[in-house]
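What follows is each chain in one-letter form.
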Amino acid sequence: MDLALLESLNDRFAFENRLEFAFHESGLIAGHVKTDQCLAEFFLHGAHVTQFVPQDEKPLLFMSSESMFDSSNPIRGGIPICFPWFGSHPSNFEMPSHGFARISGWELVETSWHGESVQVELALKLAPFDLRYVMTFSSELHVELQITNASDELQTCETALHTYFAVSNIANVSLTGLENDSFIDQLTREKHPPSLDSNGLNGSNGPVHPISFEKETDLIYLETSAAIQIHDSDWNRTIEIEKEGSLSTVVWNPWIAKSARMPDFGNDEYQNMVCVETANISPQHMLIQPNELKRVACRHSILQK
Ligand code: BG6
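Definitions and cut-offs
Residues numbered from 1 in each chain as written. Predicted model: local features only at pLDDT ≥ 70, side-chain atom pairs only at ≥ 80, totals over all residues. Heavy atoms only, no water. Salt bridge = Lys/Arg side-chain N within 4 Å of Asp/Glu carboxyl O. Helix = DSSP H or I, 4+ residues; strand = E, 2+ residues; numbered from the N terminus. Buried < 20%, exposed > 50% of the residue type's maximum accessible area, 1.4 Å probe, protein only. Pairing = 2+ DSSP bridges. 1 Å grid on protein atoms, 1.4 Å probe; cavity = no way out; pocket = protein on both sides within 12 Å on 5 of 7 lines; lining within 4 Å. Points joined across faces, edges and corners; volume = space filled by probe spheres on them. Nonpolar A, V, L, I, M, F, W, Y, C, P; charged D, E, K, R; others polar.

Caption draft 1: Representation of the pattern of salt bridges in the model. One pass over the structure, following the stated rule, counts six salt bridges. Across the pair arginine 299 and glutamate 140 runs a salt bridge, and its minimum N-O distance is 3.0 Å. Of this pair, arginine 299 sits in strand β22 (residues 293–304) while glutamate 140 is found in the loop between β8 (129–137) and β9 (141–149), placing the two residues 159 residues apart along the sequence. Across the salt bridge formed by arginine 295 and glutamate 144, the nearest N and O atoms sit 2.9 Å from each other. Placement of the pair is arginine 295 in strand β22 and glutamate 144 in strand β9, with a sequence separation of 151 residues.

And the structure:
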């Protein structure tokens, strides 16, 4: 454990009682936020938000009890950052799933306190890109990935802010906001038209509206820019996700067999999570000109019913 690093983070970036840094039991360094509005936790490893609990609410984010916490593996739960590709590398299967951003150590560059919110900015150089990630913790959770092309040539990349939301039970969950968008089913590779047809009726060829879950679900919605709602009937809450700079949305639940195959995920944990990911995935990958900066952001808030 690097005690000197921890001490310098606390000297330079902590605010007494609101933000401090400590070693997690794994030895990784975590930031802890505690304000009148929320409790939150993030790791420098992966610039990974692992906890966000608005005051008087249940946790917004799901974390697996089986997650690994080490410097070469991704954390399972919270908000992994997928970058510069999504899923398998397009040509080299030895490259890590979802890219390097979530398994890299990020550098803390700035923290600030704005009235009632704590803002934390981290940086990572992943040639040819320079990344910044700004987390804002208030009564809502806002995260923004800033991607600069630091090369002299046009670059392409994919990205996803792969949020794992906590839910009472997946059987109680439905999603709205995606019903007018076509989607690719990653399990069959088939492309489907929107769930609602032009007359507002359920189409025959995909999940009905509103989307609910009764099997493994792995869908990439295309041309999605509207807000998305996760309704949880048992917890009597609706989470809203507002996006910026994102044209794709991934909806994922591993269900039973895939959960059993994942070494860092409990067999029954699929019941307590759903991923709704703010993404840009081929054919909606990002094109970034030399020296251009592009932003991908999402705001997660709990709407009362
Ligand atoms: C989702 C993908 O975004 O991430 C799924 O759509 C994938 O196909 C899931 O299984 C988890 O990926 P990983 O690499 O974290 O196990």
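Additional details are given in the paragraphs that follow.
Caption draft 2: Layout of the pairing of strand β19 (residues 248–253). Summarising burial for β19: six of the six residues are buried, a large majority. Burial of the side chains of β19 extends over both faces: Ser248, Val250 and Trp252 are buried on one face and Thr249, Val251 and Asn253 on the other. Two strands pair when backbone bridges link them, and β19 and strand β20 (residues 273–280) are joined in this way by five bridges, in the antiparallel orientation. Residue pairing across strands places serine 248 opposite alanine 279, the latter belonging to β20.

Caption draft 3: Expanded view of the layout of surface pockets. Of the voids in this model, the largest pocket is the one considered here, and its volume is about 630 Å³. Taken together, 30 residues form the lining of the largest pocket, with Phe86, Gly87, Ser97, His98 and Gln186 sitting closest to its centre. For the lining of the largest pocket, the secondary-structure elements that each account for two or more residues are β16 (217–221) and β19. Grouping the amino acids of the lining of the largest pocket by side-chain chemistry returns 13 nonpolar, eight polar and nine charged.

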